[in-house]
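Coordinate inspection notes
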Amino acid sequence: MKKVLVLFAHPKFEKSRANNVLVNYIKDKEGVTFHDLYEEYPDFHIDVPFEKKLLAEHDVIIWHHPMYWYSCPPLLKQWIDMVLEFNWAYGPEGKALSSKICLNTITTGGNKELYCTQGTNSYTITEFLRPFEQTANLCLMHYQKPFTVMGTYKLSDEDLKIYGENYSMLIDQLQSKEAIVTT
Amino acid sequence: MTGSLLFDAIVFLLGAIICVSIAKRLGLSSVLGYLIAGVLIGPYVLGFIGEEGEDILHFAEFGVVVMLFLIGLEIEPKNFWNMRKSIAGMGGLQVAGSMILSYLFFILLNFDWKVALVISMAVALSSTAIAMQTIDEKGLMETTFGNSAFSILLFQDIIVIFMLGAIPLLSNSDSEAAIDSHEASGNLLDGLPMGYQTLAIILSVVLIIGAGQYLIVPMLRRVAKTGVRELLFASALLIVFSISYLMEYVGLSPALGAFLGGVVLSSSEYKHELESNLEPFKNLLLGLFFIAVGASINFVVIAKIPLTIGGILLAVILIKALILFSTGKVFKLKLDQNLLLTFSLAQIGEFAFVLLSFAFQLNILDQEQMDIMLVITALTMSITPIISIINERFILPKIGTKESIKRPMDHIAKSQNVILVGFGHFGSTVGRFLRSHGIEATILDQDSNRVDVLRKMGFEVYYGDATRLELLEAAGIAQAKILICAIDNPPVTLEITKLVKEKYPHVELMIRAQNRNDAYELLNMGFENIYRESLDTSLSLAKDVLSKLGFRKYTLNRQVQNFIKYDETSLRRLAAEPKGNEDYIFKVRKELEEQERLLEEDFKRGIVEYDNHWDSESIREVLKDQQNNNSSSTN
């Protein structure tokens, strides 16, 4: 069974209904390490060696965060800047993350219609996540399609429950996958 | 002359105060003021002091001794060793050159060779008192000129011992005179053979060094523990007196002994405390010394043979200046520095009084020769400040490098840009953090036990009371950028900060305050950087409490920052408000009222709901409505 690391980054977790549900479905699962960055590093002082050790121990890395200004909250960016070191995560000697699975779990306030060529935001979520995709590529990881929960303000408790179950199922799948087919 | 001691003292003090303040008003050095005061109250003008002039001179030489002790304190043995080349090189060259030239000059004047030799010895020496006082007053100690002058003067202070040793060899082997000198100087060693003399000299030097390490420092520690400040002053005097006495007893220069004592104590934690204790004392004694020099100018001798005196005076100054200038050239001093050196050391020094009267006792000099030379010595000293003024006002501006060239100090304990007062729990945290960033603050603390421990751990800590300007000055406040006041006694904090703000407005003050009320007072006095010791810690505790109660750490972290910001603004706002009658009895109640008022304000303003970015209810509502409208319109 593959081990899953959920790098959760939400500055206002206590106020997020959708994320509370999602996290409750997956945080205690077997083989899942739920790592709450804003709780761990309230002062943005990231313990890089510890983070590298965590990454090494896991096969699946999930960047779980709300969409803030078409990107992630600042602490996750800080995490990327600090932890993914040259010649460790990338560069000629940088093989530490190679062939790990990587994906984003995204929540957005706006619904799906806003994220398309006709919508206010002009681009799709996948397009906005290109920097993450390329980061994963550079680190020789296998980047998967994001898990998205959109229009969170409008979702009923029942809707959210379904999303939670789906998130849990996705993690089951990722854990049982033998190998990832690269395209 | 009434003969009353009090009357004499009044004459001296009044003369000094009037003349020095006039001199200072005119932008002249204080030395000149003292000298003029001496001339005025001396036997030839107002006649307040007559024959006692010489006794006073003898007593006032103690000022020179104290000064050398203080100079010694500034020099750590290591630095002294580093300076050995410039001391021996420049000093040796200067003394040798001056002696040869003046010897030839006095031979030309048909003096006996022995007389010429003794006089040339006297001429070679410059006045440490005058030169150092001027250098200090102008703050030039750290310049190349200051260093060079210092090296030369130090060499002279050492060489004078050998001169005093050599003069008896020139004596006309008149047994009566030898007995006279014995009676007069009362040295222990005069009757002893040469070998024993040398041994006694070496022994006394060893004694001073040993006593410094094993007797004086432990004594100072004990005295410091009593907390009685005047005992430290008494100890400082005791040290200087004892060393001088010992040196005089074995026939060495007391000034050199005091210097040596200073060097021995320079690495102790009491360095700055001793300095600040003796500094005012030194200045007064030196003032007395200058007055005595002024008073001892014998105008009768001058009136008798004005041309001879004038001629010799001019020749002596020219010879000294020429040699000093050449020495400066050999050691590659820049022109401006070299001119400063040349003109500030071109006088004959106080040791000449000693050498000449010693030679007179041994019948080498006759009365007339001694009188002439004493007058010339006093005159060269008096002229020096005037020559310096001419040099600074008219010559140096012409060569265009008026600014003295600073170079990194290499022989005086480094004064830091940061001074940290108080190394208790608060100050030590600050100091350690600064140190870990390569900033070594000069630390002042008043707990002698703590000072001991810290020095053992390698911190540069000095014992002393920082409310005293002299101690702050000794710690280098004049060059400091920042003074951190980390002591836990608000009245003392106020005293220090007031003092520094007034005397050294360029120094940035970072002040520890105990609570809001301290902070109010400091703010109202115009201080800006105020750190309430309890603010961060108490919030950090409150933060952890809330975290244990299940609040998110990141949110709490931001709230703490918000709270500090909010509280600082409110502090500044409230400080400006009138506090009313601050009677002690009402203080507690007032504080409670204040707290109540603050809490109420916090509650009204709702700082905990301050941080409303993303996911706030308001945005949520707006978006919900918008989306509902969208979907209803598309449907």
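Residues numbered from 1 in each chain as written. Chains lettered and ligands numbered in written order. Predicted model: local features only at pLDDT ≥ 70, side-chain atom pairs only at ≥ 80, totals over all residues. Heavy atoms only, no water.

A word on the nonpolar core. In terms of nonpolar packing, the biggest core is built from 143 residues, with B:F106, B:I167, B:F290, B:L355 and B:L356 touching the most fellow members. Every residue in contact with B:F290, bar those within four places of it in the chain, is listed here: B:V31, B:Y34, B:L35, B:A129, B:I130 and B:Q133. Core analysis: the second largest hydrophobic core is formed by 36 residues, A:L55, A:W63, A:M67 and A:C72 among them. (Core = buried A, V, L, I, M, F, W, Y, C linked by side-chain atoms within 4.5 Å. Buried < 20%, exposed > 50% of the residue type's maximum accessible area, 1.4 Å probe, protein only. Contact = heavy atoms within 4.5 Å.)

With that out of the way, let us pick up the confidence of the model for chain B. Residues and elements named next belong to chain B. Scored by pLDDT, chain B comes out at a mean of 79, with 83% of its residues at no less than 70. Predicted confidence in chain B is weakest over helix α9 (residues 175-185), with a mean pLDDT of 42, and strongest over strand β5 (residues 508-513), with 93. This model gives residues 174-186 a pLDDT under 50, and the stretch forms 12 contacts once residues within four places in sequence are excluded. Predicted confidence is poor over residues 401-415, with pLDDT under 50, and the contacts of this stretch with residues over four places away or in other chains come to 39 contacts. In the predicted assembly, ipTM is 0.79 and pTM is 0.56. (pLDDT = per-residue confidence, 0-100. Helix = DSSP H or I, 4+ residues; strand = E, 2+ residues; numbered from the N terminus.)

As a further point, take the sheet that holds β5(B). Residues and elements named next belong to chain B. The sheet built from six strands is open, its strands ordered β3-β2-β1-β4-β5-β6 with parallel pairing. In this open sheet, the two strands that pair with only one neighbour each are β3 (461-463) and β6 (529-532). Taken pair by pair, the neighbouring strands of this sheet meet at an average axis angle of 20°, ignoring direction. Contacts between helix α24 (residues 533-548) and the sheet are confined to β5 and β6, with β6 contributing the most and set at about 45° to the helix. (Pairing = 2+ DSSP bridges. Axes fitted to C-alpha atoms, helices over the stretch in contact; angles between N-to-C directions.)

Residue and element names in this part refer to chain B. Of the two faces of strand β2 (residues 442-445), the one holding T442 and L444 and the one holding I443 and D445 are both buried throughout. Bridge count between strand β1 (residues 418-421) and β2: three bridges; the pairing is parallel. Paired with L420 across the bridge in β2 is I443. You can see the chain leave β1, run along helix α19 (residues 425-435) and come back into β2, and the turn it takes is right-handed. Alignment of β2 against β3, held across three bridges, turns out to be parallel. When the sheet's bridge partners are listed, L444 is paired in β3 with Y462. (Right-handed = clockwise from strand over helix to strand, strands pointing away.)

Within a pair of aromatic rings, the relevant descriptors are the distance that separates the centres and the angle that separates the planes. Using the criterion set out here, one finds 18 aromatic pairs over all chains in the structure. Taking the centre distance of 6.0 Å and the plane angle of 40° together, the rings of A:F44 and B:Y554 count as tilted. Residue A:F44 is located in the loop between α2 (37-40) and α3 (48-57), and its partner B:Y554 is located in helix α25 (residues 553-576); the two belong to separate chains. A relative accessible area of 24% means that A:F44 is categorised as partly exposed. For B:Y554, a relative accessible area of 10% translates into the label buried. For the ring pair B:Y34 and B:F290, a centre distance of 6.2 Å and an interplane angle of 35° mean the geometry is tilted. Of this pair, B:Y34 sits in helix α2 (residues 30-41) while B:F290 sits in helix α13 (residues 271-295), placing them 256 residues apart in sequence. (Phe/Tyr/Trp six-rings, centres within 6.5 Å; stacked < 30°, edge-to-face > 60°.)

All names here are of chain B. By the element assignment, P491 lies in helix α22 (residues 490-503). Accessibility expressed as a relative area gives 54% for P491, which makes it exposed. For the pair P491 and D518, spaced 27 residues apart in sequence, the C-alpha to C-alpha distance is 9.2 Å.

Right, let's get into unusual backbone geometry. Phi at A:W69 is positive, roughly 45°, even though this residue is not glycine. Since its relative accessible area comes to 68%, A:W69 is described here as exposed.

Moving on, we come to the environment of B:Y462. Residue and element names in this part refer to chain B. As for its placement among the helices and strands, Y462 is situated in strand β3. The sequence separation of Y462 and E273 amounts to 189 residues, and the corresponding C-alpha distance is 7.7 Å. Setting aside chain neighbours within four positions, we find Y462 in contact with S268, E269, K271, H272, T442, I443, L444, D445, V451 and R455.

Residue and element names in this part refer to chain B. Among the residues of helix α23 (residues 516-524), R516, D518, A519, Y520, L522 and L523 are the ones counted as buried. Two or three places before N517, at the start of α23, stands the capping residue N515, its side-chain oxygen 3.1 Å from that residue's backbone nitrogen. Where α23 terminates, the next one or two residues include G526, which has phi positive at roughly 95°. (Polar contact = N/O pair within 3.5 Å; in protein donor to acceptor, adjacent residues only side chain to side chain.)

It is worth spelling out the packing of helix α11 (residues 229-249) of chain B against helix α12 (residues 254-265) of chain B at this point. When two helices pack together, you describe them by how their axes are tilted relative to each other and by the distance separating the axes. Residue and element names in this part refer to chain B. Two numbers describe how α11 lies on α12: the axes approach to 8 Å, and their chain directions differ by 135°. Relative to α12, the element α11 is oriented oblique. Of the two possible hands of crossing, α11 and α12 adopt the one that is right-handed. Of the residues in α12, those touching α11 at I239, I243, S244, M247 and E248 are P254, G257, A258, G261 and L265. Here the residues of the contact of α11 with α12 sort into six nonpolar, three polar and one charged. (Parallel < 35°, antiparallel > 145°, perpendicular 65-115°, else oblique. Left-handed = near helix turned anticlockwise from the far one by under 90°. Nonpolar A, V, L, I, M, F, W, Y, C, P; charged D, E, K, R; others polar.)

The next subject is a nonpolar patch on the surface. Residues and elements named next belong to chain B. On the surface, I36, L40, Y44, V45, L46, F48, F299 and V300 cluster together into a nonpolar patch covering about 660 Å² of accessible area. Mapped onto the nonpolar patch, the elements with two or more residues apiece are α2 and α14 (299-304). Inspection of the secondary structure assignment puts F299 in helix α14. When its relative accessible area of 32% is taken as the criterion, F299 is described as partly exposed. (Patch = residues over 30% accessible without salt bridge, like charges linked within 9 Å, V, L, I, M, F, W, Y side chains within 5 Å. Areas by Shrake-Rupley, 256 points an atom, 1.4 Å probe, with all protein chains shown as cover. Salt bridge = Lys/Arg side-chain N within 4 Å of Asp/Glu carboxyl O.)

On to the pattern of salt bridges, then. Counted under the stated rule, the structure contains 19 salt bridges over all chains. As a salt-bridge pair, A:E14 and B:R552 come within 3.9 Å of each other at their nearest N and O atoms. Remark: B:R552 occurs in the loop between α24 and α25 and A:E14 occurs in the loop between β1 (4-8) and α1 (17-26); the pair is interchain, linking two chains. Note on B:R552: relative accessible area 9%, which makes it buried. Residue B:E273 is joined to B:R468 by a salt bridge in which the shortest nitrogen-to-oxygen separation is 3.2 Å. Taken as a pair, B:E273 in helix α13 and B:R468 in the loop between β3 and α21 (469-474) lie far apart in primary sequence, 195 residues in all.

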